[in-house]
Amino acid sequence: MTNTIDIEEPNASPMIIGEERNGDDGQPAEIATEETAQEAERDETTSQDTAEKGNVTPPTVAIVPPEQKDEPATPIHAPKESDENELMNKAVKSEEEAHRLYCEYGHKMGFSVRKGKQYYYVGTKNICTKDYYCSKEGVRDGDKLTDADYKDPHTRTNCKAMVRFRVDEEGSWRVVHMVKEHNHPLVKPEERHLLRSARSHTAGRQRLIDLMTSPLFQAINYGSSPSYSVQQPTQQEVKQIVKSVFIEGSESQSLVNVFKTKGNEDGMFFWDVQLDQGGRMCNFFWRDGRSRIDYDSFGDVVVFDTSLRLNKYNMICAPFIGVNHHWQNIMFGCALLLDDKVESFAWLFRSFLESMGGCAPKSIFTDQNLNLAKAIEEVLPNTRHRIYQRYIHKNLMPRLGSLNLNDSKAFHKMFNKCLHGCDSGTELEETWSTMLKEFKLQDHKWLNNLYKMRAKWCTALNKDAYDGGIEWDQRTEAMNNVLDGITDKAGPLEKCVLSVDKLMEDWREKEYEEDLHNAQKPIVCAIRHSDMLNHAAKEFTYKIYKLFELEFLDGCGATFFKETPLGGTLYRFECTNQGRGSKSYTVMLETSEPVQVSCDCKKFETMGILCSHSLKAMSVKNVREIPQRYILKRWSKSARKRNYSLMQYDESEGGSETAHVSKVMRYAYDLVLKSQGHPELRELVWSALEGGEQALDKFGEITNLQAHSLAIR
């Protein structure tokens, strides 16, 4: 039975001439007849006396026991008594405030809200009662509900949860009828920021309204002291200001003070702030000098994660994450965003580019946010935008609901093949079609929409784009819950920033430990006397070497091949890995110097490591070492060495004076970082700088003498 709460109103039964019903977007969806309105009116516990507006008396609360109701629904969730009392006992002054009140209640409980029916006093356009529903109210025409639909937030399930407000003679809106239980699971607390109604109405909105009309708000936002006399804003002005949540001025200033302090301590620290239309700080980005140096070495691939929410403002904590030469996480910078609008993301990407000298990554991985996609297309047009498969898997499980597929190995095998097991668009199309047909998913909306975006997630369609192995299973595990190390998720903004920085320092400490491990412990090769493996052990870090070694062993010990000479020193190989089906890959090998090899599996092009097929062909033709062009510096032990040279600066940045200054500053900064904590190294740095200064002075003196000599002549 469904629990409801009604309000007794002895003298409140006005004549109703019609009602409007609104959809999710708040626009009128239909006009009900007088008969329908009267039926709805009988749902309330009211007398049948006809009255005009003005005859309505303040309501009193009467709880109707469940057994008095005829609705047979089975409750799944019930609200907390404190939240319920707050909703039932509060009076508001407008339709907007009533809507906001129920949205805030819905946000606390975990459901989204739709506007519903409204009734008018006879002969007027004054609202008498107004209904608001759970967004899953009703059933769309022709829909046959399944268990999965109840877990899908986008499918209506005929949920009966609702609330009805009545407007009294004073214009106060109060709840007179409420159905509490829902027939579907509610959203988890960590995902409630994604609720549609929560995007425009948050739990802190009313507090902000009160704040804006206070002397403290006026002092903060108008630049005056608390005693300064400022004209009180009108209610209309207040409503206009709070169309979006804003951050308290004092908290924004505290965060700016943190950035200023860091800037004084770190000469290459970068921070930026975006202001809203009211001149208030709303979005923040920062990165330190070490992140800039890291980006020079490993900024080819970036993962932009927007899954974490922080602070009482429910701000998006969005780090830019990369992968270093040990295959560990590194951070290039972080942002705090008040919303996920296109404009906010576009501002952030521009700020990120500015902080990195205008150098865009080759690939960027994000979730399925459409606003993100639009901003990337606008600001990073030459960067390959990819949807991270980890996010797809995360969204897949709830979308399948109880279709008995979450435990289906056959389904997941086919789905994973579509993600990263196909070698061509044709194979993807055939596999996807077979999967939908076999599991009767042809009409599954989410899967159909996902397929439309296949160019952004299917590896078969991205073989020409470098991704650094981000989608490999080992890397996916390393990316899971990367921000769990942030302990203070609900504190002030400045503490959130310090927590992010602490996490970044922990990652750097792990890199330092891995550097020591590589320097102190020589790599032991699986085949001790293999020239190819010994060369790899000399060049690559331990983690990357192990990946290379696995490919080498697969190629030499578990790969069939067919060799075809093509004339001279050019050969074609057809290679098939044992125990992995009959899939064959074509390798082209040029054995004359410089040795060149290519495979249509495209592993080197995407990951930067030679595949087992290429290594097999090279082994057959007695190529004993890795050709230099196939040793990516970003995977080598020297990834952080000699990144700044005059030749590199001239070739990559056109030789402009600004580029020269930036490159030299980063070079010097990198040397300073490497000398930290080591007195002997600090002395070497100073000695090098002093020697450079003396050389510059000497050159200047010679130049001046030459100029003076020419002038005399």
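All figures in this text were calculated on a predicted structure; none of them were measured in a lab. (Residues numbered from 1 in each chain as written. Predicted model: local features only at pLDDT ≥ 70, side-chain atom pairs only at ≥ 80, totals over all residues. Heavy atoms only, no water.)

Overview of the overall build of the protein
Check the secondary structure of the protein and you find 24 helices and 20 strands. Looking at the protein as a whole, 49% of its 713 residues qualify as buried. Here the analysis covers contacts within the protein between residues at least 6 apart in sequence; of these, 64% occur between residues at least 24 apart. When the accessible surface of the protein is summed, it comes to about 36100 Å², and 51% of that surface belongs to carbon and sulfur atoms. (Helix = DSSP H or I, 4+ residues; strand = E, 2+ residues; numbered from the N terminus. Buried < 20%, exposed > 50% of the residue type's maximum accessible area, 1.4 Å probe, protein only. Contact = heavy atoms within 4.5 Å. Areas by Shrake-Rupley, 256 points an atom, 1.4 Å probe, with all protein chains shown as cover.)

Focus on the sheet that holds strand β17 (residues 559–565)
Strand-to-strand pairing in sheets goes through backbone hydrogen bonds, with the strands running parallel or antiparallel. As summarised here, the arrangement of the four strands in space is β17-β18-β19-β20, forming an open sheet in which the pairing is antiparallel. Each of the sheet's edge strands pairs with one partner strand only, and the pair in question is β17 and β20 (596–599). Mean inter-strand twist for the sheet, computed between neighbouring axes without regard to direction, equals 20 degrees. In this structure, strand β19 (residues 584–590) lies alongside β20, joined through four bridges in antiparallel fashion. If you follow Val587 over to β20, its bridge partner there is Cys599. Relative to β19, helix α21 (residues 612–620) is tilted by about 45 degrees, and along the sheet it contacts β17, β18 (570–577), β19 and β20. (Pairing = 2+ DSSP bridges. Axes fitted to C-alpha atoms, helices over the stretch in contact; angles between N-to-C directions.)

Re the environment of Met88
Mapping Met88 onto the fold places it in helix α2 (residues 81–89). Using a relative accessible area of 8% as the deciding quantity, one classes Met88 as buried. When the C-alpha positions of Met88 and Phe165 are compared, they lie 9.7 Å apart, and in sequence the two are 77 residues distant.

Some thoughts on the UniProt feature "domain: SWIM-type" (unreviewed entry) in the protein
Here the UniProt-annotated "domain: SWIM-type" (unreviewed entry) positions come out as residues 585–622. With 37% helix and 26% strand, residues 585–622 has end C-alpha atoms that lie 20 Å from one another. (UniProt positions renumbered as here; feature names shortened; annotations may be inferred.)

Digging into the packing of helix α9 (residues 289–298) against helix α17 (residues 493–520)
In a pair of packed helices, the angle between the axes and the distance between the axes together describe the arrangement. Running from N to C, α9 and α17 point in directions that differ by 50 degrees, and their axes come no closer than 12 Å. On the basis of the axis angle, α9 is oblique to α17. Along this stretch, α9 crosses α17, giving a crossing that reads as left-handed. Every residue of α17 that contacts α9 at Arg290, Ser291 and Asp294 is listed here: Met504, Arg508 and Glu511. A class-by-class count of the residues in the contact of α9 with α17 yields one nonpolar, one polar and four charged. (Parallel < 35°, antiparallel > 145°, perpendicular 65-115°, else oblique. Left-handed = near helix turned anticlockwise from the far one by under 90°. Nonpolar A, V, L, I, M, F, W, Y, C, P; charged D, E, K, R; others polar.)

A look at helix α3 (residues 95–109)
Given a rise of 1.5 Å per residue, 15 residues ought to cover 21 Å, and the 21 Å separating the end C-alpha atoms of α3 matches this to within 8%. Burial analysis of α3 places twelve of its 15 residues in the buried class, the great majority of the element. Taken residue by residue, α3 has Glu97, Ala98, His99, Arg100, Leu101, Tyr102, Cys103, Glu104, Tyr105, Gly106, His107 and Met109 as its buried positions. One or two residues past the end of α3 sits Gly110, with phi positive at roughly 110 degrees. (Expected span 1.5 Å × (residues − 1).)

Things to note about the packing of aromatic side chains
Under the criterion given, the structure shown has 28 aromatic pairs. Relative to Phe111, the ring of Tyr105 has its centre 6.1 Å away and its plane inclined at 75 degrees; by these criteria the two rings are edge-to-face. Geometrically, the ring pair formed by Trp432 and Trp457 is tilted, given 5.8 Å between the ring centres and 40 degrees between the ring planes. Residue Trp432 is located in helix α14 (residues 425–438), and its partner Trp457 is located in the loop between α15 (445–452) and α16 (473–479); the two are separated by 25 residues in the primary sequence. Of the two residues examined, Trp432 and Trp457, each falls in the buried class. One aromatic cluster is present, built from ring pairs that chain together Phe270, Phe285, Tyr295, Phe304, Phe320, Phe332, Phe345, Phe349 and Phe352. Its guanidinium or amino end placed over the ring of Tyr451, Arg454 lies 4.2 Å from that ring's centre, counting from NZ or CZ. (Phe/Tyr/Trp six-rings, centres within 6.5 Å; stacked < 30°, edge-to-face > 60°. Lys NZ or Arg CZ within 6 Å of the ring centre and 35° of its normal.)

Some words on the pattern of salt bridges
A full pass over the atoms with the stated rule returns 27 salt bridges. Between Lys262 and Asp501 there is a salt bridge, with its nearest N and O atoms 2.8 Å apart. In this pair, Lys262 is assigned in helix α8 (residues 249–265) and Asp501 in helix α17, connecting sequence segments 239 residues apart. On the accessibility criterion, Asp501 (9% relative accessible area) is buried. Here Glu549 ties to Lys546 by a salt bridge, and the two come within 3.0 Å at their closest N and O atoms. Here Glu549 and its partner Lys546 are both found in helix α19 (residues 542–557), three residues apart, which amounts to about one turn of the helix. On the basis of relative accessibility, which here comes to 6%, the residue Glu549 falls in the buried class. Here the salt bridges share partners, and the residues they tie into one network are Lys417, Asp423, Glu427, Lys463 and Lys583. (Salt bridge = Lys/Arg side-chain N within 4 Å of Asp/Glu carboxyl O.)

Remarks on the nonpolar core
One finds Phe284, Leu336, Phe540, Phe548, Leu610, Ile626 and Trp635 to be the most contacted residues of the largest nonpolar core, which totals 71 residues. Among the elements that take part in this core, α17 stands out by supplying seven residues, more than any other. Setting aside residues no more than four positions away along its own chain, Phe548 makes contact with Met532, Leu533, Ala536, Phe540, Ile609, Leu610, Leu615 and Ile626. By size, the runner-up hydrophobic cluster in this structure holds 29 residues, among which are Phe298, Phe332, Trp347 and Ala375. (Core = buried A, V, L, I, M, F, W, Y, C linked by side-chain atoms within 4.5 Å.)

Focus: the pairing of strand β14 (residues 329–337)
Judged by how many residues are buried, β14 sits mostly within the fold: nine of nine residues are covered. Bridge count between strand β10 (residues 281–287) and β14: three bridges; the pairing is antiparallel. Bridged to Trp286 within β14 is Cys334. Bridge count between strand β13 (residues 315–323) and β14: eight bridges; the pairing is antiparallel. What sits directly across from Pro319, in β14, is Cys334. The loop that links β13 with its antiparallel partner β14 comprises five residues; one of these, Trp327, has a positive phi angle of about 65 degrees.

A short note on the side chain of Ser252
Take Ser252: it is sitting in helix α8. Excluding its chain neighbours within four sequence positions, the residues that come into contact with Ser252 are Ile247, Met281 and Phe284.

Some remarks on the packing of α8 against α17
Following both chains from N to C, one finds α8 and α17 inclined at 35 degrees, their axes separated by 8 Å at the closest point. Residues Glu251, Ser254, Leu255, Val258, Phe259 and Lys262 of α8 form the contact with α17, whose own contacting residues are Leu493, Glu494, Val497, Leu498 and Asp501. When grouped by side-chain class, the residues that make up the contact of α8 with α17 number six nonpolar, one polar and four charged.

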